[in-house]
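Commentary on secondary and tertiary structure
The primary structure of each chain is shown beneath.
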Amino acid sequence: MCAAVVYTVGAARLRRRGDAWPWRRDCVFAAGCAAVVWGLAGPVPGGPFTAHTGRHLLTAMAGPALLAVARPLTLVLRLLPPGRPRRGLLRVAHSPAAGGLLFPPVAAAVDVGGLWLLYRTDLWEAAHRHALLGGLLELHMLLAGLLFAMAVCRLDPVRGRCGLPLRAVTLLAAGAAHAVLAKSLYLSGPPGTAFAAADLRAGAQLMYYGGDAVEVFLALVLAVQWYAATGRRRARQAARDAVPAGAH
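What counts, and where the lines are drawn
- Residues numbered from 1 in each chain as written.
- Predicted model: local features only at pLDDT ≥ 70, side-chain atom pairs only at ≥ 80, totals over all residues.
- Heavy atoms only, no water.
- Phe/Tyr/Trp six-rings, centres within 6.5 Å; stacked < 30°, edge-to-face > 60°.
- Helix = DSSP H or I, 4+ residues; strand = E, 2+ residues; numbered from the N terminus.
- Buried < 20%, exposed > 50% of the residue type's maximum accessible area, 1.4 Å probe, protein only.
- Lys NZ or Arg CZ within 6 Å of the ring centre and 35° of its normal.
- Disulfide = S-S within 2.5 Å.
- Expected span 1.5 Å × (residues − 1).
- Arc of directions from axis to C-beta.
- Contact = heavy atoms within 4.5 Å.

So, the packing of aromatic side chains
In the structure shown here, the tally under the stated rule is eight aromatic pairs. Both rings, one in Phe 49 and one in Phe 195, keep their centres 5.2 Å apart while their planes meet at 45 degrees; by these two values the pair is tilted. Placement of the pair is Phe 49 in helix 3 (residues 48-69) and Phe 195 in the loop between helix 10 (164-187) and helix 11 (197-242), with a sequence separation of 146 residues. Accessibility expressed as a relative area gives 0% for Phe 49, which makes it buried. Centre to centre, the rings of Trp 124 and Phe 195 are 5.7 Å apart; their planes meet at 85 degrees, and the pair counts as edge-to-face. Here Phe 195 lies in the loop between helix 10 and helix 11 and Trp 124 lies in helix 8 (residues 123-129), a separation of 71 residues in the sequence. Of the residues examined, Phe 195 reaches a relative accessible area of 23% and is grouped as partly exposed. Put simply, the rings of Phe 49, Tyr 119, Trp 124 and Phe 195 pair up and form one aromatic cluster. The aromatic ring of Trp 23 is capped on one face by Arg 15, whose charged end is 3.7 Å from the ring centroid. Over the face of the ring belonging to Trp 21 we find Arg 25, whose NZ or CZ atom lies 4.5 Å from the ring centre.

Shown next as structure tokens:
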């Protein structure tokens, strides 16, 4: 939860100097941090596979989506004074590597593709035999989920401009791939595992419907962006129409 404290202190500093920073972003970031911490260390009810699925939803989907919506990169850039640290962070955010990773189809492939590898290969069994590999996989799921959420929401200043249609189609495709994975797990667990049928089905259903809920949340973020962009276009058009012909 240290990240939530740092974020809150930074947001308070912005407000003290007169900058606008909505309080709801503080709440959303704190909720995202809480979801990640709970997914990593908190108790999750259900059998072994159901509990794992709940942790996956919190750590790799819900938490990263909330963190991305809170615009952490924007906050840091507004806090940093002009100088080398700020220029360095902007160079990273606007670098070709960042642009490539945050291209929505690439981010979706990294995120959802990693899940397919985990659940449909021997990677699950290996991760449970080797603690280091398991920890690295948890870190990958968190970072990949955050990468995907940032690529879809596109709220922070990063390299490249990706229109709403591409981001919406990518979200739809990633949601479909996640749903197919959940349905396949309903029928058979990861290779090398022997979960009880009831536990496997409950976990698969949680993955299916929980994933839908997070994807609906991201879709609402896109809908708000579309509504705001449409409103701005109409306002500009109305302003142009209101100017008398002889005033040009």
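Overview of the state of the cysteines
What the rule picks out here adds up to zero disulfides. Here Cys 27 stays unpaired: no disulfide links it, and the sulfur of Cys 33, its closest cysteine neighbor, is 12 Å away. Its sulfur unpaired, Cys 153 is 13 Å from the next cysteine sulfur, which belongs to Cys 162. Cys 153 sits in the buried class, given a relative accessible area of 1%.

Quick word on unusual backbone geometry
Despite not being glycine, Arg 71 shows a phi value in the positive range, around 55 degrees. Structurally, Arg 71 is set in the loop between helix 3 and helix 4 (72-79). Taking the relative accessible area as the measure of exposure, Arg 71 reaches 25% and is therefore partly exposed. Even without glycine at this site, Arg 154 takes up a positive phi of about 55 degrees. Tracing the backbone shows Arg 154 in the loop between helix 9 (131-153) and helix 10. By relative accessible area, which is 14% here, Arg 154 ends up buried.

What about helix 1 (residues 2-16)?
With 15 residues, helix 1 extends 21 Å from end C-alpha to end C-alpha; this agrees with the ideal 21 Å at 1.5 Å per step. Every buried residue of helix 1 is listed here: Ala 4, Tyr 7, Gly 10, Ala 11, Leu 14 and Arg 15. Seen end-on, helix 1 carries its buried residues on one side only, within an arc spanning 140 degrees. Opposite the buried face of helix 1, at more than 90 degrees from it, the exposed residues are Cys 2, Val 5, Val 6, Val 9 and Arg 16. The inward-facing, buried residues of helix 1 abut helix 2 (23-41) and helix 4.

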